[in-house]
Amino acid sequence: MAKDLDWANLPFGYMETTKSFVANYKNGAWDEGTLTSNHSITISECAGVLQYAQTCFEGLKAYTTADGKIVTFRPDLNADRMKDSCERLEMPVFPKDRWIKAVIDTIKANIEWVPPFGSGATLYIRPYMFGSSAVIGVKPADEYQFRILVTPVGPYFKGGVKPITVRLSDLDRAAPHGTGDIKAGLNYAMSLYNIVDAHKKGFAENMYTDPATHTYIEETGGANILFVTKDGKLVTPKSNSILPSITRRSLVQVARDYLHMEVEERQVNKNELKDFVEVGLCGTAAVISPIGCIDDHGTKINVPSGMDEIGPVLKKLRETLTGIQMGEIKAPEGWVYEIK
Ligand SMILES: *Cc1c(COP(=O)(O)O)cnc(C)c1O
């Protein structure tokens, strides 16, 4: 039985729930891990995460489907992506089968926190890992902690999907040949100044260009980008400093296989922005968030789909993916993991 919360009005924020998962890596091996009701962590003042930001994370959701099942979406891809993040940050990989089982066990231990179908709310799942032992010379820590916390979050759009205004950013999110393609905490630390500044100036997000030449569109601080051309093609930027969004990869497959659209994954020059008829951001939190206006240093690029509602192509894409997630449309094999 779900908790009696005001699901529709929950913010996107943290709330302590029943259990978190914790595993420790020591002397070259992971322990078996356990569920804990201790939601605080005590570590050395000199821990690798505190001194040299040795940490990475993932984000996925559990939710209740139309027929009352509790499920999660493609956790295997989150496990794979966290492996890539760990390898790049010299952290020990938590084995994939155990990773997925730990996510499922953590959802099961917090089942009453999974919002009911139709509430628009979801249970957000945050797996993360950090260097827990002391380091003072610059090197990887010897010990690590892998944790999974869950927290219920409200609908991303309260009162309907609304287009946002973004600005083209002068600052970079990632370095060329850097860490833009992994989910490292350090990428977010770098983006905070710029997002606070964007919000102060009335923009919802920063749209970043490629860090080497500032010519091609990459992504925003926390979401990949989708474009729709006049002739109905879906275009999404290709670059090795973009974080490989699972939502974007799923939407590309949905566009091809369910909506029979042509999809181009390629470099997108910023001069092309004015030619697209629909633009949107995609990620786990919002699925697709439409963009109505892009500000290029004071010049407004008004997207033809406008500021009132999501355009028809992105709307159809969004509804198809959420329909698949919610069990209303048949999912491709292996996308939806049933918990209960
Ligand atoms: C997590 C993240 C995304 C979205 O990825 P999903 O797997 O779709 O949630 C996009 N960009 C960045 C920089 C991210 O960190």
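Residues numbered from 1 in each chain as written. Predicted model: local features only at pLDDT ≥ 70, side-chain atom pairs only at ≥ 80, totals over all residues. Heavy atoms only, no water.

- Named according to an unreviewed UniProt entry, the protein chain is branched-chain-amino-acid transaminase originating from Treponema ruminis.
- What UniProt records for the protein chain under Function (unreviewed entry) is the sentence "Acts on leucine, isoleucine and valine."
- Taken verbatim from the UniProt record of the protein chain, the Cofactor (unreviewed entry) comment is "pyridoxal 5'-phosphate". (UniProt positions renumbered as here; feature names shortened; annotations may be inferred.)

1. Remarks on the domain arrangement of the protein chain
Piece 1. Each assigned domain of the protein chain is listed with its residue range as follows: domain 1 (7-153) and domain 2 (164-325).
Piece 2. Taking only C-alpha atoms into account, the centre of domain 1 sits 26 Å from that of domain 2.
Piece 3. Listed per partner, the contact involves 21 residues of domain 1 and 21 residues of domain 2.
Piece 4. When the two sides are added together, the surface that domain 1 and domain 2 hide from each other amounts to roughly 1700 Å², 64% of it contributed by carbon and sulfur.
Piece 5. When the area that domain 1 buries against domain 2 is broken down by residue, the three leading residues are Phe 57, Phe 73 and Arg 81, summing to 36%.
Piece 6. At the boundary of domain 1 with domain 2, the tally comes to zero salt bridges. (Domains from an automatic or database assignment. Contact = heavy atoms within 4.5 Å. Buried area = accessible area lost by both parts, 1.4 Å probe. Salt bridge = Lys/Arg side-chain N within 4 Å of Asp/Glu carboxyl O.)

2. A word on the UniProt feature "modified residue: N6-(pyridoxal phosphate)lysine" (unreviewed entry) in the protein chain
Piece 1. Using the residue numbers shown here, the UniProt feature "modified residue: N6-(pyridoxal phosphate)lysine" (unreviewed entry) corresponds to Lys 183.
Piece 2. Structurally, Lys 183 can be placed in the loop between β9 (164-168) and α4 (185-200).
Piece 3. Aside from chain neighbours lying at most four places away, what touches Lys 183 is Cys 56, Phe 57, Glu 58, Gly 59, Arg 81, Ser 85, Tyr 188 and Leu 243. (Helix = DSSP H or I, 4+ residues; strand = E, 2+ residues; numbered from the N terminus.)

3. A short note on the packing of helix α5 (residues 246-257) against helix α6 (residues 312-325)
Piece 1. Axis separation between α5 and α6 bottoms out at 10 Å; the angle between their running directions is 105°. Taken together, α5 and α6 sit at an angle that is classed as roughly perpendicular. Of the residues in α6, those touching α5 at Thr 247, Ser 250, Leu 251, Val 254 and Ala 255 are Leu 317, Thr 320, Leu 321 and Ile 324.
Piece 2. Along the lines of polarity and charge, the residues of the contact of α5 with α6 split into six nonpolar, three polar and no charged. (Axes fitted to C-alpha atoms, helices over the stretch in contact; angles between N-to-C directions. Parallel < 35°, antiparallel > 145°, perpendicular 65-115°, else oblique. Nonpolar A, V, L, I, M, F, W, Y, C, P; charged D, E, K, R; others polar.)

4. Focus on the packing of aromatic side chains
Piece 1. Enumeration over the complete set of coordinates arrives at 14 aromatic pairs.
Piece 2. With 6.1 Å between their ring centres and 70° between their planes, Phe 21 and Phe 94 make a pair best called edge-to-face. Separated by 73 residues along the polypeptide, Phe 21 in strand β1 (residues 20-26) and Phe 94 in the loop between α2 (75-88) and α3 (96-108) bring together distant segments of the chain.
Piece 3. For Phe 21, a relative accessible area of 6% gives the class buried.
Piece 4. Ring centres of Phe 57 and Tyr 188 lie 5.4 Å apart, and the angle between their planes is 70°; on these two criteria the pair is classed as edge-to-face. Of this pair, Phe 57 sits in strand β4 (residues 55-57) while Tyr 188 sits in helix α4, and the two are 131 residues apart along the sequence.
Piece 5. In this structure an aromatic cluster arises from ring pairing among Phe 21, Tyr 25, Trp 30, Phe 94, Trp 99, Tyr 144 and Phe 146. (Phe/Tyr/Trp six-rings, centres within 6.5 Å; stacked < 30°, edge-to-face > 60°. Buried < 20%, exposed > 50% of the residue type's maximum accessible area, 1.4 Å probe, protein only.)

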